[in-house]
Amino acid sequence: KNEIRFEPNLRGVFIRAEGAILPAGGSTTSSRGDLNPHLSYSSGSVAFSQRILSIGDPRGVAVSSSGLRAYATGMGSSNIVAFSTSNYARLGLCNVGEGPTGIVLDASRGRLFTLNRFGGSVSVVDEQSFTELAEIPYFDPTPQAVRNGRPLLFDTHATSGLGQASCASCHIDARMDQLAWDLGDRSEEHTS
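### Side note on the overall build of the protein
Across its full length, the protein carries five helices and ten strands. A burial count over the protein gives 39% of its 192 residues as buried. Pairs at least 24 residues apart make up 41% of the contacts formed inside the protein by residues separated by at least 6 positions.

### A word on the sheet that holds strand 7 (residues 100-106)
With antiparallel pairing, four strands are arranged side by side in an open sheet as 7-8-9-10. Single-partner strands in this sheet number two, and they are strand 7 and strand 10 (131-137). Adjacent strand axes in the sheet meet at a mean angle of 20 degrees when their direction is disregarded. In terms of strand pairing, strand 9 (residues 121-126) meets strand 10 through six bridges, oriented antiparallel. Bridge pairing links Val124 to Ala134 in strand 10.

### Here we look at the pattern of salt bridges
Counted by the stated rule, this structure contains six salt bridges. Between Asp140 and Arg117 there is a salt bridge; the shortest N-O distance is 3.6 Å. Placement of Asp140 in the loop between strand 10 and helix 3 (144-154) and of Arg117 in the loop between strand 8 (111-116) and strand 9 is noted, with a sequence separation of 23 residues between them. Using a relative accessible area of 32% as the deciding quantity, one classes Arg117 as partly exposed. Arg147 serves as the salt-bridge partner of Asp140, at 3.3 Å between the closest nitrogen and oxygen. On the basis of relative accessibility, which here comes to 11%, the residue Asp140 falls in the buried class. Classification of Arg147 as partly exposed rests on a relative accessible area of 26%. Overlapping salt bridges bring together Arg117, Asp140 and Arg147 as one network.

### A look at the sheet that holds strand 3 (residues 58-63)
Strands sit in the order 3-4-5-6 across an open sheet of four strands; the sheet is antiparallel. Every interior strand has two partners, whereas the edge strands, strand 3 and strand 6 (90-95), have only one. Along the sheet, successive strands turn relative to each other by an average axial angle of 20 degrees, direction set aside. For strand 3 and strand 4 (residues 69-74), the ladder comprises four bridges, and the chain directions are antiparallel.

### Observations concerning the environment of Gly97
Structurally, Gly97 can be placed in the loop between strand 6 and strand 7. Along the primary structure Gly97 and Gly120 are separated by 23 residues, whereas in three dimensions their C-alpha atoms are 8.3 Å apart. With sequence-adjacent residues up to four places away left out, Gly97 is seen in contact with Ser78, Asn116, Ser121, Ser123, Glu132 and Glu135.

### Here we look at the pairing of strand 4
With respect to burial, strand 4 is a largely interior element, five of its six residues being buried. Between strand 3 and strand 4, which pair antiparallel and follow one another directly, the connecting turn spans five residues, one of which, Gly67, has a positive phi of 80 degrees. Turn length for the strand 4-strand 5 (residues 79-84) hairpin, with the two strands adjacent in sequence and antiparallel, is four residues, and the turn residue Ser78 shows positive phi of about 55 degrees.

### A closer look at the nonpolar core
Core analysis: the largest hydrophobic core is formed by eleven residues, namely Ala62, Tyr71, Ile80, Ala82, Cys94, Val96, Ile103, Leu105, Leu112, Val125 and Phe130. When residues of this core are traced back to their parent elements, those giving at least two are strand 5 and strand 7. Discounting chain neighbours no more than four positions away, the residues touching Leu105 are Ala62, Val63, Ser64, Ser65, Tyr71, Arg111, Leu112 and Glu127. Among the nonpolar cores identified, the runner-up in size contains eight residues, and Ala17, Ala70, Val81 and Tyr88 belong to it.

Reading guide: rules and limits
- Residues numbered from 1 in each chain as written.
- Predicted model: local features only at pLDDT ≥ 70, side-chain atom pairs only at ≥ 80, totals over all residues.
- Heavy atoms only, no water.
- Helix = DSSP H or I, 4+ residues; strand = E, 2+ residues; numbered from the N terminus.
- Buried < 20%, exposed > 50% of the residue type's maximum accessible area, 1.4 Å probe, protein only.
- Contact = heavy atoms within 4.5 Å.
- Pairing = 2+ DSSP bridges.
- Axes fitted to C-alpha atoms, helices over the stretch in contact; angles between N-to-C directions.
- Salt bridge = Lys/Arg side-chain N within 4 Å of Asp/Glu carboxyl O.
- Core = buried A, V, L, I, M, F, W, Y, C linked by side-chain atoms within 4.5 Å.

Here you go:
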């Protein structure tokens, strides 16, 4: 939403987590929808009980064999959402290990597997009940100082009034965003 000038106009609402469905066959027609249908974006803050329903920094996507349901990982929100591929209606939410980036569906066994980059683990999720069955750790040599700092950059539930944004939403993987923002506050300008 960097077409809106000045931070007081944005009021903390500057990003949305959206999905897009592109049909097979090279068609240019696509549909897109908000992955956080519970948010109205009329305010820059909601109650924590609503904030934790949000998905932030979506990364991995898996689609059911029927093509009617999709799953997206929220790296910043440490969860997975299930949604309808026809209208983006939210079908479920499952909390998993910290920082899920990748997701794989084993349809024959009814299991989803997420790679939890920050937690150094793999989560096993039951597709039917949409609950985490296990979190299996793997060796992660990441220094403790980096692990301690990640929530400040990535955690969308702790650092966002709506639960969908963090510093990493613009600074993808802690890089410079290369976007032209005009976030000044014109009410603080004085003429002489």
